[in-house]
Amino acid sequence: MICSPPIGYVDPPEFIADCDVMIATCELRSGRCDAELKAALGPPKPARPKPLRNFDVVVRELPALPEFRSGTAAELAQVARIRKLPHADGPALAAHHGTLRFCTAYDEPAWAVMDVENPCNVQLRTMSGRLWFGKTKVMGITGNWAAWPVGLSVALRMPRCEIWLVEGTGDFIAAWHCAADGWGNFVPVAMFGAAQLIHDGALPLFASRRVAIIQQHDAPGAAAAVRWDEQLRRAGAQVRVCVVPGAGDDLNDYVSAGGGDFWNAERSHPRHDQHD
């Protein structure tokens, strides 16, 4: 199971972000985490809304942060159904730790993968499972830091937990499912886009951390794993790469097909206490 929340933990406060501010001012629960994030991010960055694109063109951005909410049991169950997961424990755990939220975008109910404490990279998908305007699976927010790893705020609160680095919204939710099912003592962290390099400001936050890159079983996944492995090792992380079984599969494919815990069989380090 994922590390238990620290004593005194409360769910992150809900917020409505000012349209002119990209980085929310939610109070972080750890002074160390607060200092590290501020040092890495600097002052809040303005999100400058752009006119909406013509619907004949792929719409990939929402002009500003919408109002987010934690979600109901029915909404969490719907995310599990969309991702073809056997139960909603993974989405529920992600929501508990502030990395899954719900909102309305372009009058469409949506779920969002993000760090509630530091929403500089927000990825939205429709609750219906349909493409946005029939064009694209995922939509971002104007001003997104596309290379910033989502889930890093949670990992900073839990320094003794391993980090599972995955790619994409689907694998991120699947990794939370694996955590809820007891696959290990880890925190999921996600990059969005196999071509992305990890943000330079985020790399020092991985120093001395154990990181498992959960590689999608295809050529782009292999190339991404090589780049991220090199970046993280230079930053001082202890890195290993684990390839999802099954050619062409990603973690969500593997889990939704009923795949079991392939990770523990390959672990070479002892498990750590789940309480930080």
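What you are looking at is a predicted structure, and each value in this text was computed from that prediction instead of being measured.

A word on the nonpolar core
Item 1. With 63 residues, the main nonpolar core has Trp164, Leu165, Ile198, Phe206, Ile214, Leu232 and Leu251 as its most contacted residues.
Item 2. Counting 14 residues, the second largest nonpolar core, distinct from the first, contains Leu65, Cys103, Met114 and Met139.

Side note on the packing of helix H3 (residues 89-96) against helix H5 (residues 169-180)
Item 1. Between H3 and H5, the shortest axis-to-axis distance is 7 Å and the interhelical angle comes to 100°. In terms of orientation, H3 and H5 fall into the roughly perpendicular class. For the pair formed by H3 and H5, the contact residues are Asp89, Gly90, Pro91, Leu93 and Ala94 on the first element and Ile173, Trp176, His177, Ala179 and Ala180 on the second.
Item 2. Considering only residue class, the contact of H3 with H5 consists of seven nonpolar, two polar and one charged.

Quick word on the environment of glutamine 78
Item 1. Following the sequence through the fold, glutamine 78 ends up in helix H2 (residues 73-82).
Item 2. Through-space distance from the C-alpha of glutamine 78 to that of proline 91 is 9.4 Å; in sequence the pair is 13 residues apart.
Item 3. Side-chain polar atoms of glutamine 78 contact the side chain of arginine 81, separated by 3.0 Å.

Topic: the sheet that holds strand E3 (residues 108-113)
Item 1. The strand order E2-E3-E4 describes an open sheet built from three strands, whose pairing is antiparallel. Unpaired on one side and paired on the other, strand E2 (100-105) and strand E4 (123-126) mark the two borders of the sheet. Pairs of neighbouring strands in the sheet enclose a mean axial angle of 35°, with direction left out of account.
Item 2. Of the strand pairs in this sheet, E3 and E4 are connected by four bridges, and their pairing is antiparallel.

Considering the sheet that holds strand E9 (residues 238-243)
Hydrogen bonds between backbone atoms are what pair the strands of a sheet, whose relative direction is either parallel or antiparallel.
Item 1. Across the sheet, which stays open at both edges, the four strands sit in the order E7-E6-E8-E9 with parallel pairing between neighbours. Edge positions in the sheet fall to strand E7 (186-191) and E9, since each has one partner strand and no second. The sheet shows a mean angle of 25° between the axes of neighbouring strands, direction not considered.
Item 2. Bridge count between strand E6 (residues 162-167) and E7: six bridges; the pairing is parallel.

Let's talk about the pairing of E9
Item 1. Across six bridges, the pairing between strand E8 (residues 210-215) and E9 is parallel. Opposite isoleucine 214, over in E9, you have cysteine 242 as the bridge partner.
Item 2. A crossover connection joins E8 to the parallel E9 through helix H6 (residues 219-234); in handedness this β-α-β unit is right-handed.

Re H5
Item 1. The end-to-end C-alpha distance of H5, which contains 12 residues, comes to 17 Å, matching closely the 16 Å that a straight helix rising 1.5 Å per residue would cover.
Item 2. Among the 12 residues in H5, 12 count as buried, and that is most of the element.
Item 3. Among all positions in H5, only Thr169, Gly170, Asp171, Phe172, Ile173, Ala174, Ala175, Trp176, His177, Cys178, Ala179 and Ala180 are buried.
Item 4. Where H5 terminates, the next one or two residues include glycine 182, which has phi positive at roughly 80°.

Things to note about H3
Item 1. Residues Gly90, Pro91, Leu93, Ala94 and Ala95 constitute the buried set of H3.
Item 2. With its phi angle positive at about 80°, glycine 98 sits one or two positions after the end of H3.

Comments concerning the confidence of the model for the protein chain
Item 1. Overall, the predicted model of the protein chain reaches an average pLDDT of 79, with 72% of residues at or above 70.
Item 2. Long-range and interchain partners of residues 1-33, a stretch whose pLDDT sits below 50, account for 86 contacts in this model, where long-range means more than four residues apart.
Item 3. Counting interchain partners and residues more than four positions distant, the pLDDT-below-50 stretch residues 267-276 has 29 contacts.

Some words on the packing of H2 against H3
Item 1. The contact between H2 and H3 brings their axes to 8 Å, and the two run at 125°. As far as their axial angle goes, H3 and H2 are oblique. Handedness of the crossing formed by H2 with H3: right-handed. For the pair H2 and H3, contact is made by Leu76, Val79 and Ala80 and by Pro91, Ala92 and Ala95, respectively.
Item 2. In terms of residue class, the contact of H2 with H3 is made up of six nonpolar, no polar and no charged.

A word on the pairing of E3
Item 1. When you tally the buried positions in E3, you get five out of six residues, the bulk of the element.
Item 2. Across six bridges, the pairing between E2 and E3 is antiparallel. Note that in E3 the partner of leucine 100 across the bridge is valine 113.
Item 3. In textbook terms, the turn of a hairpin is the stretch between consecutive antiparallel strands, and for E2 and E3 this stretch comprises two residues, one of which, tyrosine 106, has a positive phi near 50°.

Conventions we followed
- Residues numbered from 1 in each chain as written.
- Predicted model: local features only at pLDDT ≥ 70, side-chain atom pairs only at ≥ 80, totals over all residues.
- Heavy atoms only, no water.
- Core = buried A, V, L, I, M, F, W, Y, C linked by side-chain atoms within 4.5 Å.
- Buried < 20%, exposed > 50% of the residue type's maximum accessible area, 1.4 Å probe, protein only.
- Axes fitted to C-alpha atoms, helices over the stretch in contact; angles between N-to-C directions.
- Helix = DSSP H or I, 4+ residues; strand = E, 2+ residues; numbered from the N terminus.
- Parallel < 35°, antiparallel > 145°, perpendicular 65-115°, else oblique.
- Contact = heavy atoms within 4.5 Å.
- Nonpolar A, V, L, I, M, F, W, Y, C, P; charged D, E, K, R; others polar.
- Polar contact = N/O pair within 3.5 Å; in protein donor to acceptor, adjacent residues only side chain to side chain.
- Pairing = 2+ DSSP bridges.
- Right-handed = clockwise from strand over helix to strand, strands pointing away.
- Expected span 1.5 Å × (residues − 1).
- pLDDT = per-residue confidence, 0-100.
- Left-handed = near helix turned anticlockwise from the far one by under 90°.

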